Amino acid sequence: MKRRDLAIMYFPDSKPRIAVKALLRWIDNCPDLVAALNDINVPFRHKQNLTTRQVRVIMEYLGEP
């Protein structure tokens, strides 16, 4: 899934670029989520595509969009 698509699911009223920034801010403000994403050993910060596992972890910590 594209990071942009996930961000738009969480922030449907925002423009894609702003939604991505807001999602990354939410992720950064949750140290447990950052640790869980780092444990997967697939970079999430500068990649446009997220793995299914990354999406599941994000939704687990942030809740369903």
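Everything quoted here is computed from the prediction, not taken from an experiment.

Caption draft 1: Representation of the overall build of the protein chain. Within the protein chain, the secondary structure is distributed over four helices and zero strands. Along the chain direction, N to C, the helices and strands of the protein chain fall in the order α-α-α-α. Its C-alpha atoms give the protein chain a radius of gyration of 11 Å, within 12% of the compact-globule value 11 Å for 65 residues. In terms of its C-alpha atoms, the protein chain occupies a principal-axis envelope of roughly 30 × 20 × 15 Å. Across the 65 residues that make up the protein chain, the buried fraction comes to 35%. Residue pairs at least 24 apart in sequence account for 46% of intrachain contacts in the protein chain once pairs closer than 6 positions are excluded. Surface exposure of the protein chain reaches about 4,500 Å², of which carbon and sulfur atoms provide 50%. Across the protein chain, the mean location of the 11 positive side-chain charges is 11 Å away from that of the 7 negative side-chain charges.

Caption draft 2: Local environment of the side chain of Q54. Mapped onto the fold, Q54 is located in helix 4 (residues 52–62). On the accessibility criterion, Q54 (0% relative accessible area) is buried. For Q54, the side chain forms a polar contact with the main-chain oxygen of V42, separated by 2.9 Å. Setting aside anything within four residues of it in sequence, one finds Q54 in contact with L37, I40, V42, P43, F44 and N49.

Caption draft 3: Here's a closer look at the pattern of salt bridges. Counting across every chain of the model gives two salt bridges. Measuring nitrogen to oxygen at the nearest pair gives 3.8 Å for the salt bridge that ties D5 to R4. With a shortest N-O distance of 3.0 Å, R45 and D28 are connected by a salt bridge. Remark: D28 occurs in helix 2 (residues 16–28) and R45 occurs in the loop between helix 3 (31–39) and helix 4; sequence separation between them is 17 residues. In this structure D28 comes out as partly exposed when scored by relative accessible area, which is 40%.

Caption draft 4: Spotlight on unusual backbone geometry. For N41, which is not glycine, the phi dihedral falls at a positive 65°. Among the structural elements, N41 can be located in the loop between helix 3 and helix 4.

Cut-offs and rules
- Residues numbered from 1 in each chain as written.
- Predicted model: local features only at pLDDT ≥ 70, side-chain atom pairs only at ≥ 80, totals over all residues.
- Heavy atoms only, no water.
- Helix = DSSP H or I, 4+ residues; strand = E, 2+ residues; numbered from the N terminus.
- Rg over C-alpha atoms; globule rule 2.2 N^0.38 Å.
- Buried < 20%, exposed > 50% of the residue type's maximum accessible area, 1.4 Å probe, protein only.
- Contact = heavy atoms within 4.5 Å.
- Areas by Shrake-Rupley, 256 points an atom, 1.4 Å probe, with all protein chains shown as cover.
- Lys, Arg positive; Asp, Glu negative; His and termini not counted.
- Charge placed at Lys NZ, Arg CZ, Asp CG, Glu CD.
- Polar contact = N/O pair within 3.5 Å; in protein donor to acceptor, adjacent residues only side chain to side chain.
- Salt bridge = Lys/Arg side-chain N within 4 Å of Asp/Glu carboxyl O.

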